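Below, each chain spelled out in residue letters.
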Amino acid sequence: MKEINIGQATAITSPDPLMLVCTTKEDGSLNMASVSFFMYSSFNPPMLAFAMGKAANSGENIRRTGKAVLAAPGISLNGAVMAFGSSNGGQKDKLKETPIALQKVEGSDIQIPEDSRIAFVVSLAQTIESGDHYLYLCNIEKMVADESKEALFAWEGYAKVAPAQEK
């Protein structure tokens, strides 16, 4: 065995769950950002955690509002996921540049992509500094799913997105 860096480790452990963090900007508009640092953290109560870079607009939004919806994007969103993950929503309107069909989730004012396999309506419980990221520990308020949809995963350390089993 040889020593490797964190980027190499993420590529070796692929695929990673991929989520779109949907939040509300200060002006009330919708922001989406791709994140693959995601995990369930408790069954009782139901909780999840995700990590984003400290400068992420979605992180600022969830810290400000205490609310987000995390949605597992479907395969039709391949290009949008890459676009949403490569820019900061505080500096541009990503949904205007890369429009996608949206849907409401009962119990939340935050919309998600129509092509979503599962979505978690969450409230922020705790923010933890984690190196160059913040870790967001969230209570899951509601979960909805459409198991007929096929979700995208992050591959090769987030170099590409594809279903868990490439065809």
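Here, every reference points to the structure presented above.
Residues numbered from 1 in each chain as written. Predicted model: local features only at pLDDT ≥ 70, side-chain atom pairs only at ≥ 80, totals over all residues. Heavy atoms only, no water.

Enquirer: Honestly, the environment of Glu141 in this entry has me stumped. Any pointers?
Expert: On the secondary structure map, Glu141 appears in strand β10 (residues 133-145). Other than its neighbours up to four places away in sequence, Glu141 contacts Val121, Val122 and Ser123. (Helix = DSSP H or I, 4+ residues; strand = E, 2+ residues; numbered from the N terminus. Contact = heavy atoms within 4.5 Å.)

Enquirer: Would you take a moment to explain the state of the cysteines for this structure?
Expert: Following the criterion strictly, the structure yields zero disulfides and no others. We note that Cys22 lacks a disulfide partner, and the nearest cysteine sulfur, in Cys138, lies 13 Å from it. Classification of Cys138 by relative accessible area gives buried; the value is 0%. (Disulfide = S-S within 2.5 Å. Buried < 20%, exposed > 50% of the residue type's maximum accessible area, 1.4 Å probe, protein only.)

Enquirer: How should the sheet that holds strand β1 (residues 16-17) be read in this particular structure?
Expert: Backbone-to-backbone hydrogen bonds join strands into a sheet, with any given pair of strands oriented parallel or antiparallel. Taken in spatial order, the three strands line up as β1-β11-β12 in an open sheet, and their pairing is antiparallel. If you trace the sheet from one side to the other, it starts and ends with β1 and β12 (160-162), each paired once. Note that β1 and strand β11 (residues 153-155) share two bridges and pair antiparallel. Pairing of Pro17 across the sheet is with Phe153, part of β11. (Pairing = 2+ DSSP bridges.)

Enquirer: I would appreciate a short explanation of the nonpolar core in the present structure.
Expert: Nonpolar side chains in soluble globular proteins tend to be buried together. One finds Cys22, Met32, Val69, Val81, Phe84, Ile100 and Ile112 to be the most contacted residues of the largest nonpolar core, which totals 21 residues. Looking at this core, the elements that each hand over two or more residues are β2 (19-24), β3 (30-35), β6 (67-73), α3 (78-85) and β9 (116-130). If one sorts the elements of this core by residue count, α3 sits on top with three residues. Setting aside residues no more than four positions away along its own chain, Phe84 makes contact with Leu20, Met32, Ala33, Ser34, Lys94, Leu95, Thr98 and Ile100. (Core = buried A, V, L, I, M, F, W, Y, C linked by side-chain atoms within 4.5 Å.)

Enquirer: Help me out: how do you make sense of the packing of aromatic side chains in this one?
Expert: Any aromatic ring pair is given by two values, namely how distant the centres are and how the planes are angled relative to each other. Enumeration according to the criterion identifies five aromatic pairs in this entry. Ring centres of Phe38 and Tyr40 lie 5.6 Å apart, and the angle between their planes is 70 degrees; on these two criteria the pair is classed as edge-to-face. In this structure Phe38 comes out as buried when scored by relative accessible area, which is 12%. For Tyr40, a relative accessible area of 53% corresponds to the exposed category. Residues Tyr40 and Phe120 carry aromatic rings whose centres are separated by 5.8 Å and whose planes lie at 70 degrees to one another, so their mutual orientation is edge-to-face. A residue pair is termed long-range when its members are at least 10 positions apart, and Tyr40 in strand β4 (residues 38-42) and Phe120 in strand β9 qualify at 80 residues. Put simply, the rings of Phe38, Tyr40 and Phe120 touch in pairs and so form one group of aromatic residues. Taking NZ or CZ as reference, Lys54 lies 5.5 Å from the ring centre of Tyr134, over its face. (Phe/Tyr/Trp six-rings, centres within 6.5 Å; stacked < 30°, edge-to-face > 60°. Lys NZ or Arg CZ within 6 Å of the ring centre and 35° of its normal.)

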